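Spelled out from the first residue to the last, the chains are:
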Amino acid sequence: MNLISTRIITAQVETLINFYEQVTGLKATRYTPDFAELKTPGATLAIGSIRTLQFFGGDSVAQPAQNRSMIIEFRVDDVQQRFEQLAVSLKSVIVQEPTIMPWGNQSLLLRDPDGNLVNLFTPVTPEAIEKFKGN
């Protein structure tokens, strides 16, 4: 089994696409006005409008902007540099400035326009760097 994608269901597709393009530096592929993907070497972040819920059984299967248990994480080459790039334009969404976590990553925690937590991190201790070698 291989985790391929995480999908965010939203009522504001373009706003989320623009946020994630800015945060990641990636360009989204827009397949329809209701669905886009940001692809990384390891997985894909998909963004789907609430209109796509009809294909999964109806509006009651997911509700946008209701997440309070998940953090979407992106490994970046230099989290401090990314913080400096985003600090002015995204200051209002920064939850925690770059901080070294007990497991060896330096992490920048943001909140996307739907309220989802987003962690940009860089492994900084030898153990954390080793953990991500080859990924």
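Here the structure is a predicted model, which is why all the values come from computation and not from measurement.

**Student:** I'd like a description of the overall build of the protein, backed by residues and values.
**Tutor:** Of the regular secondary structure elements, the protein holds 3 helices and 8 strands. When the elements of the protein are put in sequence order from the N terminus, they spell out β-α-β-β-β-β-α-β-β-β-α. The C-alpha radius of gyration computed for the protein amounts to 16 Å, which stays within 12% of the reference 14 Å derived for 135 residues, consistent with globular compactness. Each of the three principal axes of the protein carries a C-alpha extent, and together these read 45 × 40 × 25 Å. A total of 135 residues make up the protein; the buried ones form 42% of that total. The contacts of the protein with a sequence gap of at least 6 include a subset with a gap of at least 24, amounting to 52%. When the accessible surface of the protein is split by element, carbon and sulfur atoms take 53% of a total near 8300 Å². Averaging the positions of the 12 positive and the 14 negative side-chain charges in the protein gives two centres separated by 2 Å.

**Student:** Give me a nonpolar patch on the surface: which residues, what numbers.
**Tutor:** Together, Phe55, Phe56 and Val61 make up an exposed nonpolar region whose accessible area comes to about 350 Å². One can find Phe56 in the loop between β4 (44-49) and β5 (71-75).

**Student:** Any chance you could break down the sheet that holds strand β2 (residues 29-32) for me, citing the residues and the numbers?
**Tutor:** If you trace the 4 strands from one edge of the open sheet to the other, you get β1-β4-β3-β2, paired in mixed fashion. Where the open sheet ends on each side, the last strands, each with one partner, are β1 (5-10) and β2. Ignoring strand direction, the axes of neighbouring strands in this sheet form an average angle of 20°. Pairing of β2 with strand β3 (residues 35-39), which is carried by 3 bridges, proceeds in the antiparallel orientation.

**Student:** Residue-level account of the nonpolar core, with values.
**Tutor:** Within the largest apolar cluster, 24 residues are counted, with the highest numbers of intra-cluster contacts made by Phe19, Tyr20 and Leu120. Of all elements in the fold, only α1 (13-24), β3, β4, β5, α2 (79-86), β7 (105-111) and β8 (117-123) reach the threshold of two or more residues within this core. With 6 residues, the single largest contributor to this core is α1. Sequence-distant contacts of Tyr20, that is, excluding residues within four places in its chain, are made with Ile8, Gly25, Leu38, Leu45, Ile47, Ile72, Phe74, Asp112, Asn116 and Val118.

Calculation notes
Residues numbered from 1 in each chain as written. Predicted model: local features only at pLDDT ≥ 70, side-chain atom pairs only at ≥ 80, totals over all residues. Heavy atoms only, no water. Helix = DSSP H or I, 4+ residues; strand = E, 2+ residues; numbered from the N terminus. Rg over C-alpha atoms; globule rule 2.2 N^0.38 Å. Buried < 20%, exposed > 50% of the residue type's maximum accessible area, 1.4 Å probe, protein only. Contact = heavy atoms within 4.5 Å. Areas by Shrake-Rupley, 256 points an atom, 1.4 Å probe, with all protein chains shown as cover. Lys, Arg positive; Asp, Glu negative; His and termini not counted. Charge placed at Lys NZ, Arg CZ, Asp CG, Glu CD. Patch = residues over 30% accessible without salt bridge, like charges linked within 9 Å, V, L, I, M, F, W, Y side chains within 5 Å. Salt bridge = Lys/Arg side-chain N within 4 Å of Asp/Glu carboxyl O. Pairing = 2+ DSSP bridges. Axes fitted to C-alpha atoms, helices over the stretch in contact; angles between N-to-C directions. Core = buried A, V, L, I, M, F, W, Y, C linked by side-chain atoms within 4.5 Å.

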